[in-house]
Amino acid sequence: MILSQLGMNDEVMGDIDFNGVIDSDDSNLILKQYLSDLVGTDALLSQTQIYLSDINNDKTINADDANLVLLYYLETMLDNTYDSISDFYESLQKGGSGE
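Residues numbered from 1 in each chain as written. Predicted model: local features only at pLDDT ≥ 70, side-chain atom pairs only at ≥ 80, totals over all residues. Heavy atoms only, no water.

Draft legend 1. Geometry of the overall build of the chain. Counting secondary structure elements, the chain contains 4 helices and 0 strands. N-terminal to C-terminal, the α/β element order of the chain is α-α-α-α. For the chain, the residues scored as buried account for 36% of the 99 residues in total. Of the contacts formed within the chain by residues at least 6 apart in sequence, a portion of 48% connects residues at least 24 apart. Accessible area for the chain stands at about 5,900 Å²; split by element, carbon and sulfur atoms hold 50% of it. (Helix = DSSP H or I, 4+ residues; strand = E, 2+ residues; numbered from the N terminus. Buried < 20%, exposed > 50% of the residue type's maximum accessible area, 1.4 Å probe, protein only. Contact = heavy atoms within 4.5 Å. Areas by Shrake-Rupley, 256 points an atom, 1.4 Å probe, with all protein chains shown as cover.)

Put into structure tokens, the structure is as follows:
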């Protein structure tokens, strides 16, 4: 699934509840989905939400994705701005501290 096919752009990655803000609520939703997957219960999130939850693009929804959302939220609270959570993750991959 590609975001453009859904009429979305990169800025919605991580906004699991579609409220226009990436915050701890989104991180909690990712964790709930991860736990649901672990115990084998029905998916809590839609396919679109699951796609938007895979922040590190490893094709798995887990605590790493929830942690990245939470780190991004904290960075935005400190006024460190990024165009998207993908830009934030890319900064971390390059060895940055997220700044």
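Draft legend 2. How the structure looks around the layout of surface pockets. Counted as a void, the largest pocket has a volume near 190 Å³. Residue composition of the lining of the largest pocket, grouped by class: 5 nonpolar, 3 polar and 2 charged. (1 Å grid on protein atoms, 1.4 Å probe; cavity = no way out; pocket = protein on both sides within 12 Å on 5 of 7 lines; lining within 4 Å. Points joined across faces, edges and corners; volume = space filled by probe spheres on them. Nonpolar A, V, L, I, M, F, W, Y, C, P; charged D, E, K, R; others polar.)

Draft legend 3. Summary view of the environment of Asn 19. With respect to the helices and strands, the residue Asn 19 is situated in the segment before helix H1 (24-39). Exposure remark for Asn 19: the relative accessible area of 42% places this residue in the partly exposed category. From its side chain, Asn 19 meets the backbone nitrogen of Val 21 in a polar contact 3.0 Å long. (Polar contact = N/O pair within 3.5 Å; in protein donor to acceptor, adjacent residues only side chain to side chain.)

Draft legend 4. Expanded view of the nonpolar core. In this structure, Ile 30, Ile 55, Val 69, Tyr 72 and Ile 85 are the most contacted members of the largest nonpolar core, which totals 17 residues. Counting residues per element, the ones that place at least two in this core are helix H2 (47-53), helix H3 (63-77) and helix H4 (85-93). Residue contributions to this core peak at 4 residues, all from H3. When near neighbours in sequence (up to four residues on either side) are disregarded, Tyr 72 contacts Ile 22, Tyr 82, Ser 84, Ile 85 and Phe 88. (Core = buried A, V, L, I, M, F, W, Y, C linked by side-chain atoms within 4.5 Å.)

Draft legend 5. Representation of the pattern of salt bridges. Considering all chains together, one arrives at 1 salt bridge under this definition. Two residues, Glu 90 and Lys 94, come together in a salt bridge whose shortest N-O distance is 3.5 Å. Looking at Lys 94, the relative accessible area reads 68%, which means it is exposed. (Salt bridge = Lys/Arg side-chain N within 4 Å of Asp/Glu carboxyl O.)

Draft legend 6. Focus on H1. The first and last C-alpha atoms of H1 sit 23 Å apart over 16 residues, in line with the 22 Å expected at 1.5 Å per residue. Of the positions making up H1, those classed as buried are Asp 26, Ser 27, Ile 30, Gln 33 and Ser 36. Close packing links the buried residues of H1 with H2 and H3. Sitting at the head of H1, Asp 23 places a side-chain oxygen 3.1 Å from the backbone nitrogen of Asp 25. (Expected span 1.5 Å × (residues − 1).)

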